[in-house]
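Examining the three-dimensional arrangement
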Amino acid sequence: MQTKPLALRILDILAIVLLGISAYLALNAPTERVMGEVQKVFYFHIGTAWTALLGFILAGVFSVIYLITKDLKWDRFQVAAIEVSLVFFLITIVLGSIWARPAWNTWWTWDPRLTTAAVTELIYVAYFMLRQGIDDPDRRARFGAVYALVGGLSAPITFFAIRLFRTIHPVVIGGTNPEADGGFSMTPDMRSAFFFALFAFSIIFIDLFWNRIRLGDLQEKVEQLKLKVSM
Amino acid sequence: MVDKTTEIRSVPLERRSHKSSFIKAVGAVVWKDLRAEFRSRELFSAMLVFSLLIILIFNFALELDIKTRQSVTSGVLWATFAFAGTLGLNRSMAIEKDRGCLDGLLLAPVDRSAIYFGKVISNLAFMLIVELIVLPVYSVLYTVNLFQPGLLLVILLGSIGYAGVGTLLAAMSVQTRTRDILLPILLFPVVIPVLLSAVKASSGFLNGADWEEIVLPLNLLIAYDIIFIALAFMVFDNVVEE
C-alpha cells in the first residue's frame, strides 16, 4: 500500500487552514452598503469560479497533450481537472443564486454568464456520461479528450453568442457595465479578503486536483492487479 | 533549367491527383449513403414524419395564433430541425456500426477524414431535404412565407454546423453502451451557439430587422461552422481508431 506523499499531506492541512482564514477575512470585511451581508458570498463565488474555469482550461490543454502523446497519464490529469472543476463550478452557481435572490429578486435569470455556466455544467456532466458508457480505457480516454475539446471550445462561443443579448451581471474587476445590477466598488479591506480568497481557492484546487490524480493512479493499479489475478 | 521546370510542373500535378482522389473518396461515401437511403427510405421518412409531429405538438403546446406565431416561428423551426436531426444522425451511424460497415469503410485505403466529410455531406443532405419539405408545410399551415433567400441561407449555415458537430459526436456515441440516448445529451449543449444564432438570424429575417442586427449572428454561425469542422477534421482519426 502506497502512503500519501508528505507534501500532499502538508498541502491538505494548508488547504483547510487557508479555507478557514479566507472565511474569517470574508466575514470580517466591511459590509457592503446597499446589499448588506449577502454580498459576502461574493468572495467564495469568485474564488470557486476562477479555479473552476482554470480547471476547464487545463483540461482542454491536457486533452490536446493526450491526443498527441497517447499517454494515459494525461487522461487521468484531465479527468481530475474536470471532476474538481465541475464541483467548484456547481458551488459557484449555487452561491451566485443565493446572492441573486436578494440582489436581483430572482434565483435565476437567463443572463449570458448564468446561461453559459449552466451549459458548461451540462457539457461536463455529458462528458462523464460519455466516459461511463465505454469500457475500453484507451477508447474512453480518446473519446473523453475529443469531447473535452469540443465542449471546451463551444462554451466560450456560447458566451459570445448570448452576449448578443443584454447582460445584467455586474463586472466588479476591470471595466463597468452600465446595465449591470448589483455592482459595487471594493474598499482595501474587501480587496485583501477578495485576493486572499482567490489564493486560498487556488491552493484548495491544487490540493484536490493532486488527490484526484493520485486516486486515478491507484484505480489504474487496482485494475491492473485485477487483470493479473483473473489471468 | 530543364530539370527545374519539370520539377515545378510535376508537383502541382501530383497534388491535384491526390486532391481528386480525396474528393472521389468523399463522393463515394456520400453516394453510398444516398443510394442506400433511396432504396430503404427508412431514415428519411422517419425524420420527416417526426418533424411534422413536432410541429403538431408545438401547435398545441404554444397555441400558435397569429400574434405568437410572429415571435416563435424561428424557434419552432429550429427546435424541429434539431430534434429531427438527432434522429437522422443516430441512425446514419448506427447502420454503419450494426452491419459492420464501419470496419469496411475504415479498411478502405483512403484518408479517414474523407469518411468524415462524406458522412457530414450525406447527413446534411438528409437534413436539407427534410427542411425543404417542412418549410412549405409550415408556410401553408400558418400562412407565413418562409421562402426568403436570407432565411434559406441561415438554414443552410445552421445545418452545416449541426451536421458537422453531430456527425463527429454520433460516431462516438454509437460506440458506447448507451448509444441511442447519449447523442442528444452530448450534442445539444455544444450546438447551443448554432441554435442561438440561427434562431436570432432567422427571426431577424422573418421580422424584417435591420441588416446590422442580422449580420452579427450570421458571422457567428460562419465562425462556428469553420471552427468546428476544422476541429472535427483534426480529431476524427481518434474517434474511429481501433
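The structure displayed is predicted, hence computed values, not measured ones. (Residues numbered from 1 in each chain as written. Chains lettered and ligands numbered in written order. Predicted model: local features only at pLDDT ≥ 70, side-chain atom pairs only at ≥ 80, totals over all residues.)

Let's shift gears to the overall build of chain B. Each helix and strand in chain B was counted, giving eight helices and zero strands. Traced from its N-terminal end to its C-terminal end, chain B shows the element sequence α-α-α-α-α-α-α-α. Principal-axis analysis of the C-alpha atoms gives chain B an extent of 75 × 45 × 30 Å. A total of 242 residues make up chain B; the buried ones form 42% of that total. Taking the intrachain contacts of chain B between residues at least 6 apart in sequence as the baseline, contacts between residues at least 24 apart amount to 81%. (Helix = DSSP H or I, 4+ residues; strand = E, 2+ residues; numbered from the N terminus. Buried ≥ 20, exposed ≤ 12 C-beta atoms within 10 Å, placed from the backbone. Contact = placed C-beta atoms within 7 Å.)

Residues and elements named next belong to chain A. Looking at the secondary structure, you find E121 in helix α4 (residues 112–132). Put simply, E121 and I93 are 28 residues apart on the chain and 9.5 Å apart in space, counted from C-alpha to C-alpha. If sequence neighbours within four positions are ignored, E121 has contacts with L86, F89, L90 and I93.

Next up on the list: the interface of chain B and chain A. Interfaces are frequently sized by the accessible area removed from exposure as the parts join. In this assembly, 25 residues from chain B lie in contact with 24 residues from chain A. Split into classes, the residues belonging to the side of chain B that touches chain A amount to 18 nonpolar, four polar and three charged. (Nonpolar A, V, L, I, M, F, W, Y, C, P; charged D, E, K, R; others polar.)

A turn of α-helix holds 3.6 residues, and therefore any two residues three or four places apart point the same way. Look at helix α2 (residues 41–69) of chain A: 42 Å from first C-alpha to last across 29 residues, which is about the 42 Å you get at 1.5 Å a residue. Phi turns positive, to about 60°, at K70 of chain A, one or two residues after α2 of chain A. (Expected span 1.5 Å × (residues − 1).)

All names here are of chain B. Of the residues in chain B, 92% reach a pLDDT of 70 or more, and the chain-wide mean stands at 86. Across residues 1–11 the pLDDT falls below 50, and counting only partners more than four positions away or on other chains, this stretch makes zero contacts in the model. Listed scores for the predicted complex are pTM 0.86 and ipTM 0.85. (pLDDT = per-residue confidence, 0-100.)

Turning next to the nonpolar core. Judged by nonpolar contacts, the single largest core of 118 residues is most densely connected at V146 of chain A together with V165 of chain B. Not counting the four nearest positions on each side in its chain, V146 of chain A is found in contact with M172, V235, N238 and V239 of chain B. (Core = buried A, V, L, I, M, F, W, Y, C linked by C-beta atoms within 7 Å.)

Now for the environment of R140 of chain A. One can find R140 of chain A in helix α5 (residues 137–162). For the pair formed by R140 of chain A and G96 of chain A, sequence separation is 44 residues and the distance between their alpha carbons is 34 Å.

Looking now at the packing of helix α5 (residues 112–142) of chain B against helix α8 (residues 211–240) of chain B. Residue and element names in this part refer to chain B. At their nearest, the axes of α5 and α8 sit 9 Å apart, and the two run at 105° to each other. With respect to α8, the element α5 is oriented roughly perpendicular. Of the residues in α8, those touching α5 at R112, S113 and Y116 are A232, F233, F236, D237 and V240. When the residues that make up the contact of α5 with α8 are grouped by side-chain class, the tally is five nonpolar, one polar and two charged. (Axes fitted to C-alpha atoms, helices over the stretch in contact; angles between N-to-C directions. Parallel < 35°, antiparallel > 145°, perpendicular 65-115°, else oblique.)

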